[in-house]
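Letter by letter, the chains look like this.
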Amino acid sequence: MRSDSVMLRVVLAAILAGTLLPAALIAAVGGATWWTLALTAGGEIIALLWLALARPGRASGLSNALHDRPSAHAEHTRQQRLATQLRDVRDAAQSWPDAIVLLDRQGCVRWRNTAASRLLGLHRQADERPLADRLSGSELGAWLRKESDQLHTDMPAPADPALRLSVTIMAFGAHMQLLLARDISTLNRLEQVRRDFVANVSHELRTPLTVIHGYLELLDPADLPELAPVLVEMRMQSQRMRQIVEDLLTLSRLETRHALPDEHVAMAPLLETLRREAEALSQGRHIITLDAATDVDVRGSGHDLHSAFSNLVSNAVRYTPSGGNIRLSWQRTSAGEAVFSVRDSGLGIPAEHLGRLTERFYRVSASRSRESGGTGLGLAIVKHILNLHQARLDVESEPGRGSTFACVLDVSRVIDSTIDTLDSGDSSPAGTSARRL
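Residues numbered from 1 in each chain as written. Predicted model: local features only at pLDDT ≥ 70, side-chain atom pairs only at ≥ 80, totals over all residues. Heavy atoms only, no water.

## Comments concerning the overall build of the protein
The secondary structure content of the protein amounts to 16 helices and 14 strands. The burial tally for the protein puts 42% of its 437 residues in the buried class. Taking as baseline every contact in the protein between residues at least 6 positions apart, the subset at least 24 positions apart corresponds to 60%. Of the accessible surface of the protein, which amounts to about 23,100 Å², a share of 55% is contributed by carbon and sulfur atoms. (Helix = DSSP H or I, 4+ residues; strand = E, 2+ residues; numbered from the N terminus. Buried < 20%, exposed > 50% of the residue type's maximum accessible area, 1.4 Å probe, protein only. Contact = heavy atoms within 4.5 Å. Areas by Shrake-Rupley, 256 points an atom, 1.4 Å probe, with all protein chains shown as cover.)

Dropping the structure here:
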């Protein structure tokens, strides 16, 4: 009994500290039946007895405790204290701002807090139907009915479509589930304001920058030798500003899209194009090789995939010293995934920077980025394009030994190009003859 009391004290302290209330509570006491009883009016003492009897060995422990107790008054006081703690936990759950719903194995609501009424439309009237049926017609109801490994999603609130919810469902106990829903409408609005601001500012900057760059092109440094260094620097910086604006507009376009065209992307001509681009950018300063170990194609947006792959290739050329090696490869894994990778023999990246490489404007070395002419947005663009293709970016690097950037596309996007009758020179919609592996 004393250990249960101590455990509940820890749970209550964690709640007051702002930790995840339902998961901490259920994990601490490890049972669903007594928890439901504890949440009903007058169920605290029943829950207390259930704690003693629900687990193996608890019955004998209770018997010994009754034998050895110093007095009936002390035992009664201990029970009252534990019941008070249970009521405090229940009240804290009721005041939690996120919706908390306890579901049984049939998906019916066993308990819910006050926020569930506001966010999910679950009111007090008795309803024994599964939650998915009670929320039929809503996106949340459809998601609950769908058997999926996805445990987290964002969707409109069933009670008010103007609200946006972040919904998480987790399993616990004997076939029980816990559903949590948080209102993220304010965060979504702030994110939309940020996207609109970046898009509008970038669009407005494009025209004046184009005019400035145009006039600079008219000025020939040979005609003004005393200003030649200044003119060269101004041209370079104006071009860099134009590139930043273009990259920001690209990011804004990608952030507002939820899907990309489902085209047949012929990889053989795309890989050859990437090799030629790398050689043109390198201007003979590097040894560039292409290893196409498979001839499969992929399904997706040819334009955007080229943009993502080209960003990785240009980064490798920029950050690899002269005389270094750059290897482009296209291969399949044992799991059937398709992987485009770029390996260089450059300076490498310290481990503490790897997790932040895809953040916009994040730089491992500011001075090195300025020298190479990078905008700090390339890898952010790569990440967004791959996310829209349900793909991922894997990075391996070690200082002094180079880096490898790999775009891993799921097997569902791989196409057997050997039986495709489409023109391999185009990125056009896939025909019926293309077989997905």
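Okay, back to it.
## Overview of the sheet that holds strand S10 (residues 338-344)
Strands sit in the order S7-S9-S10-S12-S11 across an open sheet of 5 strands; the sheet is mixed. Edge positions in the open sheet fall to strand S7 (287-292) and strand S11 (392-397), since each of these has one partner strand only. On average, each strand axis in the sheet is tilted by 10 degrees relative to the strand beside it, whichever way the strands run. For S11 and strand S12 (residues 403-409), the ladder comprises 6 bridges, and the chain directions are antiparallel. Looking at the pairing, arginine 392 lines up with valine 408 of S12. With respect to the sheet, helix H12 (residues 267-282) is in contact with S7, strand S9 (325-332) and S10, its orientation differing from that of S7 by roughly 175 degrees. The sheet contacts of helix H13 (residues 302-318) involve S9, S10, S11 and S12, and relative to S10 the element is tilted by about 20 degrees. (Pairing = 2+ DSSP bridges. Axes fitted to C-alpha atoms, helices over the stretch in contact; angles between N-to-C directions.)

## Overview of the sheet that holds strand S1 (residues 99-103)
Pairing is antiparallel across the open sheet formed by 5 strands, whose spatial order is S2-S1-S5-S4-S3. Across the chains shown, the open sheet's two edge strands, defined by having one partner strand only, are strand S2 (109-112) and strand S3 (152-156). In this sheet, neighbouring strand axes are inclined to one another by 25 degrees on average, regardless of whether the strands run parallel or antiparallel. Looking at chain direction, S3 and strand S4 (residues 164-172) are connected through 5 bridges and run antiparallel. Its bridge partner being in S4, threonine 153 is matched across the sheet by valine 167.

## Side note on the packing of helix H11 (residues 228-255) against helix H16 (residues 378-388)
Viewed as axis vectors pointing N to C, H11 and H16 meet at an angle of 20 degrees, and their least axial separation amounts to 10 Å. Judged by the angle between their axes, H11 and H16 are roughly parallel. Relative to H16, the crossing made by H11 is left-handed. Across the interface between the two elements, Asp247, Thr250, Leu251, Leu254 and Glu255 of H11 pack against Ala380, Ile381, His384, Ile385 and Leu388 of H16. Taken together, the residues of the contact of H11 with H16 sort by class into 6 nonpolar, 2 polar and 2 charged. (Parallel < 35°, antiparallel > 145°, perpendicular 65-115°, else oblique. Left-handed = near helix turned anticlockwise from the far one by under 90°. Nonpolar A, V, L, I, M, F, W, Y, C, P; charged D, E, K, R; others polar.)

## Some words on H16
Because an α-helix packs 3.6 residues into every turn, residues spaced three or four apart end up facing the same way. Along H16, 9 of the 11 residues are buried, which leaves the element largely enclosed by surrounding structure. Where H16 is concerned, the buried positions are Gly378, Leu379, Ala380, Ile381, Val382, His384, Ile385, Leu386 and Leu388. Here the buried face of H16 lies against H11, H13, S11 and S12. Trailing H16 by a residue or two, glutamine 390 shows a phi angle of about 50 degrees, which is positive.

## What to know about the packing of helix H10 (residues 185-218) against H11
Close contact between H10 and H11 brings their axes to 8 Å; oriented N to C, the two are set at 150 degrees. It follows that H10 is roughly antiparallel to H11 by the angle criterion. For the pair H10 and H11, the sense of crossing is left-handed.

## Details of unusual backbone geometry
Its identity is not glycine, yet phenylalanine 361 carries a phi of approximately 65 degrees, on the positive side. On the secondary structure map, phenylalanine 361 appears in the loop between helix H14 (351-354) and helix H15 (366-372). What makes phenylalanine 361 partly exposed here is its relative accessible area of 40%. Within the chain, glutamine 390 stands out as a residue other than glycine whose phi angle is a positive 50 degrees. Tracing the backbone shows glutamine 390 in the loop between H16 and S11.

## Points about the pattern of salt bridges
Across all of its chains, the model carries 15 salt bridges by this definition. Across the pair arginine 327 and aspartate 291 runs a salt bridge, and its minimum N-O distance is 2.7 Å. Remark: aspartate 291 occurs in strand S7 and arginine 327 occurs in strand S9; sequence separation between them is 36 residues. By relative accessible area, which is 38% here, arginine 327 ends up partly exposed. The exposure class assigned to aspartate 291 is partly exposed, which follows from its relative accessible area of 29%. A single network of salt bridges, built from pairs that share partners, joins Glu191, Arg194, Arg195, Glu255 and Arg360. (Salt bridge = Lys/Arg side-chain N within 4 Å of Asp/Glu carboxyl O.)

## Some remarks on the nonpolar core
Formed by 44 residues in total, the largest nonpolar core has its most connected members in Met267, Val298, Phe309, Leu312, Trp330, Phe340 and Val342. Those elements that place two or more of their residues in this core are H11, H12, H13, S9, S10, H16 and S12. When near neighbours in sequence (up to four residues on either side) are disregarded, phenylalanine 340 contacts Leu271, Leu274, Phe309, Val313, Leu328, Ser329, Trp330, Phe405, Ala406 and Cys407. Of all hydrophobic cores here, the second largest spans 19 residues; its members include Leu103, Leu120, Trp143 and Leu163. (Core = buried A, V, L, I, M, F, W, Y, C linked by side-chain atoms within 4.5 Å.)

## Some remarks on the side chain of serine 202
In this structure, serine 202 sits in helix H10. Relative accessible area serves as the criterion here: at 2%, serine 202 is assigned to the buried category. In contact with serine 202, not counting residues within four places along its chain, are Val245, Leu248 and Leu249.

## Topic: a nonpolar patch on the surface
On the surface, Phe197, Val201 and Leu205 cluster together into a nonpolar patch covering about 270 Å² of accessible area. Assignment of secondary structure puts phenylalanine 197 in helix H10. (Patch = residues over 30% accessible without salt bridge, like charges linked within 9 Å, V, L, I, M, F, W, Y side chains within 5 Å.)

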